[in-house]
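Here's the letter readout for the chains.
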Amino acid sequence: MRKKQFKAESQKLLDMMINSIYTHKEIFLREIISNSSDAIDKLCYTAMAAGDASVSRTDCRIRVLADKENRTLTVSDNGIGMDEADLESNLGVIARSGSLNFKKEAGEADDMDIIGQFGVGFYSAFMVADKVTVITRKYGGDQAWMWTSSGADGYTIEPTAKDGVGTDIIIHLKEDGEEETYSEYLETYTLRSLIKKYSDYIRYPIILNVEKSRKVDVPDSDEPKYETYTEEETVNSMVPLWQRSKDEVTQEELNEFYKEKFYDMKDPAHTIRIDVDGAISYKALLFIPSATPMGYYTKEYQKGLELYSSGVMIMERCEDLIPEHFRFVKGIVDSRDLSLNISRELLQHNRQLKTIASNIEKKIRQELKKLQENEREKYEKFWESFGLQLKYGIVSDYGAHRDILKDLILYHSSRENKLQTLKEYVDMMPEEQKYIYFATAETVTMADNLPQTEQIKDKGWSILYMTDEVDEFVINILGEYEGKQFKSVNDKDLGIEDEEDKKDTELKEEENKVMLDYLRDSLDGKVTAVRLSHKLKSHPVCLTADGEVSLEMEKYFSTIPGDGPDIKAQRVLELNPTHKAFYMLMDAWQLDKDRCARLGELLYDQALLIAGLPVENPARLTELMWEMI
Ligand code: ADP
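Everything quoted here is computed from the prediction, not taken from an experiment.

Asks: Would you mind going over the overall build of the protein with me for this structure?
Replies: Along its length, the protein carries 20 helices and 22 strands. For the protein, the spread of C-alpha atoms along the principal axes amounts to about 130 × 55 × 55 Å. When the 629 residues of the protein are sorted by exposure, 48% land in the buried category. Expressed as a percentage of contacts within the protein between residues at least 6 apart in sequence, the contacts between residues at least 24 apart total 70%. For the protein, the computed accessible surface area is about 32100 Å², with 48% contributed by carbon and sulfur atoms. Separation between the mean location of the 82 positive side-chain charges and that of the 117 negative ones in the protein comes to 2 Å.

Asks: Any chance you could explain the nonpolar core here in plain terms?
Replies: Soluble globular proteins tend to pack their nonpolar side chains together in the buried interior. Counting 66 residues, the largest nonpolar core has Leu321, Phe326 and Ile360 as the members making the most contacts within it. It is helix α8 (residues 351-374) that contributes the most residues to this core, 7 residues altogether. Both of domain 2 (241-381) and domain 3 (409-496) provide at least three residues apiece to this core. Among residues more than four places away in sequence, those in contact with Ile360 are Ile274, Tyr282, Leu286, Leu305, Leu321, Ile322 and Val333. Residues Met17, Ala125, Ala129 and Tyr185 belong to the second largest nonpolar core, which totals 48 residues.

Asks: Would you explain the pairing of strand β20 (residues 529-532) in this entry?
Replies: Two faces make up the sheet, and in a regular strand the side chains alternate between them. On β20, burial covers both faces: Ala529 and Arg531 on one face and Val530 and Leu532 on the other are all buried. The pairing of β20 with strand β22 (residues 570-575) spans 4 bridges and is classified as parallel. Following the sheet pairing, Leu532 is matched in β22 by Leu575.

Asks: Got a minute to help me understand the pattern of salt bridges in this structure?
Replies: Across all of its chains, the model carries 51 salt bridges by this definition. Through salt bridges that share partners, Lys513, Asp517, Arg520 and Asp521 make up one connected network.

Asks: How do you make sense of empty space enclosed by the protein when you look at a structure like this?
Replies: With a probe scaled to a water molecule rolled over the atoms, the places where space remains empty come into view. Applying the stated criterion across every chain yields a total of 3 cavities of 30 Å³ or more. Empty space within the largest cavity amounts to approximately 110 Å³. What lines the largest cavity is simply Thr440, Leu450, Gln452, Glu472, Asn490, Cys542, Leu543, Leu551, Glu552, Ala607, Ile610 and Ala611. When residues of the lining of the largest cavity are assigned to their parent elements, the largest contribution, 3 residues, is made by helix α19 (residues 593-611). For the lining of the largest cavity, the residue count by class is 7 nonpolar, 3 polar and 2 charged.

The rules behind the values
Residue numbers here run from 1 along each chain, matching the order of that chain's written sequence. Since the coordinates come from a predicted model, pLDDT governs what is reported: local features require at least 70, and pairs of side-chain atoms require 80 or more to be given and counted, while whole-chain, interface and lining totals use all residues. Water and hydrogen atoms were dropped before computing side-chain values, which therefore reflect all heavy atoms in the structure. Here a strand is any run of E in DSSP of at least two residues, a helix any run of H or I of at least four, and the numbering for each starts at the N terminus. Burial classes: relative accessible area under 20% of the type maximum marks a residue as buried, over 50% as exposed, and values in between as partly exposed (1.4 Å probe, protein chains only). Note on contacts: a residue pair qualifies if any of its non-hydrogen atoms lie within 4.5 Å across the two residues. Per-residue accessibility takes into account occlusion by the displayed protein chains alone, with areas from the Shrake-Rupley method and a 1.4 Å probe. Neither His nor the chain termini are counted; the positive set is Lys and Arg, and the negative set is Asp and Glu. The location of each charge is read from NZ of Lys, CZ of Arg, CG of Asp or CD of Glu. For our purposes a nonpolar core is just a set of buried Ala, Val, Leu, Ile, Met, Phe, Trp, Tyr and Cys residues, chained together by side-chain atoms within 4.5 Å. Where each domain begins and ends follows an automated or database-derived domain assignment. At least two bridges found by DSSP between two strands are what make those strands a pair. One speaks of a salt bridge when a side-chain nitrogen belonging to Lys or Arg is within 4 Å of a carboxyl oxygen belonging to Asp or Glu. Two kinds of site are reported from a 1 Å grid over the protein atoms alone, namely cavities, where a 1.4 Å probe fits but cannot get out, and pockets, open sets with protein on both sides within 12 Å along at least five of seven lines, and residues are called lining when an atom falls within 4 Å of a point. Grid points are joined across faces, edges and corners, and a volume is the space filled by probe spheres set on the points. Under the convention adopted here, Pro, Cys and the residues Ala, Val, Leu, Ile, Met, Phe, Trp and Tyr are nonpolar, Asp, Glu, Lys and Arg are charged, and Gly plus all remaining residues are polar.

So, in structure tokens, the structure goes:
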């Protein structure tokens, strides 16, 4: 018989398994049992679709049999089985996405610590075996096949005989070494605890042959006599976590379930359990990860919940169950009202599914709100990871989801120096404050240093500092909150001006119109206007923008790669008419117009710096400064 070689990819993974120094080798059992469970799922599904009533879920089981004499551990299932072609394609290459992920992650490094994070599949048997034999017969076929491999040197497939459909995986354990004792995998105690630990929720009975002893009555003898016998014991509890009642399941169990199922190393930040009995009944077990997953804010990230119908998985990632703005939520949904063999196309238009999805959305919102109100610290941590997602949610679909999301967002408030909801901000507004003030900048500190925030702060009012590019779009979409309009600190009219002051400034502006226009012209298109401002107190200048496009938006558009539209803000240089700098300008205007222009240039550069914008010609700025000194 000709030996066949593994495909290159598989060979690599196989090598890693054989040479593994991984400390959790025990997970091999979980992997093999999961495969058995999948095989049974497949059989039930296939038989049902074919209308074959001879296959019953209740007869399905997985057996784990230890043979100490031959040092073998056999895992048998009466699942779908494999034919020759299946063996070739399933066990000759890495089929599983988990395995592929694992390979990518592990790269060429030999850090085996990551094995536990991924399903590593069938090959993990080679962490404990020097030879694996698979005897299998496929549903619908008569011929059984035997696949054998000692690892590195390839595998063989030959016909064999087997009663009944299904698969036996025979693991020939390695010899015990100085540090490793593989024979422990033949002990009932070890096997039982491993099955409990990793495979408790497998829906089919996992049966162990357990050796027990019993007293036998020997007539005419006082000596008690014992005999050993074996008994079958179903080790796993089978009922999936989400089917068990709330007080039966500990948070610890939920955490373990989450980490194993969703390949996360950390416990979830929050767990949501939903149990609805009504026109449509379903159970859901949802998790919010404790940190932003790798690549979360990219197109590659895929959202979705696992969908089950009465404990049988019908879809691994059902995207329609979770809205974009909550795409960070992971979990499973199980409904007995969904038909098992519903097709993907039908599912998309399924009314029951839509109802479930909208319930889930409401429930997540509710839970987040509760968290925000009762466990603020936890909420703020959540906000750090996924706040940006909620902001995107407000902006997307032309604001269709804003009402669901607007009470979940947080902004840094200047007076309280902490994160606040819009409601908290509005509730703290004194009666005479008409607007919700906000300032946008790259960081909170930069926003706090903006000259145009001074007057508002002097009033003792709070300003919301916004540091994400999407923030101004959020404000645009929201427009107002509880009847209070948003107002940028850049706004010409902040609504706090003393009427006298305002008139004064207007008058001064009128008087100096010629000079201001001269300054604008000498700035050569950099600004659309030079104006006097009553907003400034101790600072000489600030930069604001007229029209729809703000300075922050301009920054944002300039970061978009490619040759998109060149969107520019209409910059306005605002001068403080009570500042020394303004008097210097007026003097220069009388004595030396060139100097006046250079002063204007210097002030413009300073305004750029304060606004966090790049100075176009730093060398020229230094030159100007020395000239003025
Ligand atoms: P995965 O289970 O993630 O697909 P594995 O490497 O564990 O990856 O298994 C490869 C394939 O071998 C499986 O997808 C399945 O088709 C087949 N297989 C493994 N074990 C069994 C089994 N007990 N019964 C039927 N098919 C199996």
